[in-house]
Amino acid sequence: MKTWHEIRRFPLAVRLLLVNQLGVNTGFYLLIPYLATHLTENLGLSAAVVGVVLGVRNLSQQGLFIIGGSASDRLGARGVIIAGCALRTLGFALFALGDGLAVLLAASVLSGVAGALFNPAVRAYLAQEAGENRAEAFALFNVFATTGALIGPLLGSVLLLVDFRASALTAAGIFAVLTVAQALVLPARRGEPSGSGLLGDWREVLGNRAFLAFALAMVGMFTLENQLYLLLPDGARDATGWDGAAGLVFLVGTVANLTLQLRITRSLKARGSRGRWIGVGLAVMGLAFLPPAFLPGLVPVLAGALLLYTGVMIAQPFVMELIPGFGRPGLTGTYFGIFYVVSGVAAAVGNAAVGWAMDTGEQGAAWLPWACCTLFGLASALGVVRLHRRGALPASPAPEAAAPVGERSRA
């Protein structure tokens, strides 16, 4: 109940963005996890072609985050968010209506570009609109995102009893509703050019060494979060021989988020610097992989999942809160965009390392991928702690950035 009471304290725009993230993750996860199966089993495409289709979507999103962030700063986050959701609507509808390779590639590009637009724009808008309660806003954002990531696959598995097109059209419908809601509810905020040009903005952000070091240090957070969809579900299935055991990993996380996220964030916010708690959260995320590494059975896997979610709950809201503090408010979207590009590329390397460890571990070293994840988490924690001790991290949101958006003219 405290969580829902906290939601009502925020402006209507923030509440819509929270519901938006629930819908975004619900729509995304009811479709994407089943896309590869549809392409191979229903359409008869080869594994190589499927890899191209999926890779194009990921590349379109990861490579264009910087464009979405810059557009948010210059054009206003509202319009970029609406455009992103509209493109995702079209992309998912094409997955339902088209079977040809050209149509599938177009759908992948559109859905990827859509994510590149609205992901940094939503976070920039939320950071600006929430004001001094930015950490709590991102904590609630995490709750809604996690809930959507649980609802999506469950709804998708039910819709697949009809067919894949039912799933794709439902996902497209969700994004269409979100697009209309944003157009009706989100206040218009005018973006203002910084005066230095687009390349100048990018040079300014990329020249911020403390920010780049922080983004690279986050490789542990992104790599380990991805194990919620790879290593931990695989461990749950191996422990029980039941495919449905993977869903228990997400159930544990959703329950933990709903009951603990806001309490953790508010409690830690009043007890010390953000940098220190980010380091603690990353360390907890790393240590989460020790129980399943050395103890057999489902319980250690679920205990590891709970610890991993706890670490995310500790660190992630403060990570999102700090990013705008590295620069001036007019570049908030650009900072978010470049943050996701840098950390996303680094995390891709990390995921490749975990995948190698999983393959190698099958030859008699089952503990290896779990130990690899622990090292990633602890290394990232040490990196953040070092930045914190050197005074390279913003101690708190910049005063100008903390002012509610409604009190300023820029988007």
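For the structure, check the block above.
Analysis parameters
Residues numbered from 1 in each chain as written. Predicted model: local features only at pLDDT ≥ 70, side-chain atom pairs only at ≥ 80, totals over all residues. Heavy atoms only, no water. Axes fitted to C-alpha atoms, helices over the stretch in contact; angles between N-to-C directions. Helix = DSSP H or I, 4+ residues; strand = E, 2+ residues; numbered from the N terminus. Parallel < 35°, antiparallel > 145°, perpendicular 65-115°, else oblique. Left-handed = near helix turned anticlockwise from the far one by under 90°. Contact = heavy atoms within 4.5 Å. Nonpolar A, V, L, I, M, F, W, Y, C, P; charged D, E, K, R; others polar. Core = buried A, V, L, I, M, F, W, Y, C linked by side-chain atoms within 4.5 Å. Buried < 20%, exposed > 50% of the residue type's maximum accessible area, 1.4 Å probe, protein only. Arc of directions from axis to C-beta. Phe/Tyr/Trp six-rings, centres within 6.5 Å; stacked < 30°, edge-to-face > 60°. 1 Å grid on protein atoms, 1.4 Å probe; cavity = no way out; pocket = protein on both sides within 12 Å on 5 of 7 lines; lining within 4 Å. Points joined across faces, edges and corners; volume = space filled by probe spheres on them. Patch = residues over 30% accessible without salt bridge, like charges linked within 9 Å, V, L, I, M, F, W, Y side chains within 5 Å. Areas by Shrake-Rupley, 256 points an atom, 1.4 Å probe, with all protein chains shown as cover. Salt bridge = Lys/Arg side-chain N within 4 Å of Asp/Glu carboxyl O.

Trainee: How should I be thinking about the packing of helix 6 (residues 101–130) against helix 17 (residues 332–361) in this particular structure?
Mentor: Helix-helix packing is described using two parameters, namely the angle between the two axes and the distance between the axes. The N-to-C vectors of helix 6 and helix 17 enclose an angle of 135°; their axes lie 8 Å apart at closest approach. Our classification of the angle between helix 6 and helix 17 gives oblique. Here helix 6 and helix 17 pass one another in a crossing that is right-handed. Every residue of helix 17 that contacts helix 6 at Pro120, Arg123, Ala124, Ala127 and Gln128 is listed here: Thr332, Gly333, Phe336, Gly337 and Tyr340. Partitioning the contact of helix 6 with helix 17 into residue classes produces five nonpolar, four polar and one charged.

Trainee: Explain the nonpolar core to me, please; I cannot follow it from the model alone.
Mentor: Note on soluble globular proteins: their nonpolar side chains tend to be buried together. The biggest cluster of nonpolar side chains holds 123 residues, and the ones touching the most others in it are Phe214, Met218, Ile278 and Phe339. In contact with Phe339, not counting residues within four places along its chain, are Phe211, Phe214, Ala215, Met218, Phe222, Val319, Met320, Ile323 and Gly344.

Trainee: Quick question: what am I supposed to make of helix 10 (residues 209–217) here?
Mentor: Three or four residues apart is the spacing at which side chains of an α-helix point the same way, because the helix has 3.6 residues per turn. Residues of helix 10 that are buried: Phe211, Phe214, Ala215 and Ala217. Across the axial projection of helix 10, the buried residues extend over an arc of 160°, all falling on one side. Contacts from the buried residues of helix 10 go to helix 9 (198–206), helix 11 (219–226), helix 14 (274–287), helix 16 (298–322), helix 17 and helix 18 (368–389).

Trainee: Would you explain the packing of aromatic side chains in this entry?
Mentor: The way to describe two aromatic rings as a pair is by their centre distance and the angle between their planes. Across all of its chains, the model carries 17 aromatic pairs by this definition. Ring centres 4.8 Å apart and planes at 80° place the aromatic pair Phe211 and Tyr335 in the edge-to-face group. Of this pair, Phe211 sits in helix 10 while Tyr335 sits in helix 17, placing them 124 residues apart in sequence. Summarising the burial analysis for this pair, Phe211 and Tyr335 share the class buried. The rings of Phe65, Phe211, Phe214, Phe222, Phe326, Tyr335, Phe339 and Tyr340 are connected pair by pair, giving a single aromatic cluster.

Trainee: Just to check I follow, could you spell out the layout of surface pockets for this structure?
Mentor: Regions of empty space are outlined by a rolling probe, equal in size to a water molecule, passed over the atoms. Each pocket or cavity is described by its volume, and for the second largest pocket that value is around 330 Å³. Lining of the second largest pocket is provided by 18 residues; of these, Asp234, Gly235, Asp238, Ala366 and Trp370 occupy positions nearest its centre. Elements that contribute at least two residues to the lining of the second largest pocket include exactly helix 12 (231–240), helix 15 (290–294), helix 17 and helix 18. Element by element, the count of residues in the lining of the second largest pocket is highest for helix 12, at five residues.

Trainee: Honestly, a nonpolar patch on the surface in this entry has me stumped. Any pointers?
Mentor: On the surface, Leu287, Leu290, Phe294, Leu295, Trp367 and Leu378 cluster together into a nonpolar patch covering about 580 Å² of accessible area. With respect to the helices and strands, Trp367 occurs in the loop between helix 17 and helix 18. For Trp367, a relative accessible area of 44% gives the class partly exposed.

Trainee: Teacher, can you tell me more about the environment of Arg274 here?
Mentor: Inspection of the secondary structure puts Arg274 in helix 14. Residue Arg274 is classed as buried on the basis of its relative accessible area, which comes to 9%. Residues Arg274 and Ala145, 129 residues apart in the sequence, show an inter-C-alpha distance of 22 Å.

Trainee: Please clarify how the pattern of salt bridges should be interpreted in this entry.
Mentor: Side chains bearing opposite charge may pair, as long as their charged atoms lie close to each other. Tallying each qualifying case throughout the model produces six salt bridges. As a salt-bridge pair, Arg165 and Asp99 come within 2.5 Å of each other at their nearest N and O atoms. Taken as a pair, Arg165 in helix 8 (residues 164–185) and Asp99 in the loop between helix 5 (77–97) and helix 6 lie far apart in primary sequence, 66 residues in all. Through salt bridges with shared partners, one network takes in Arg74, Asp201, Glu204 and Arg328.

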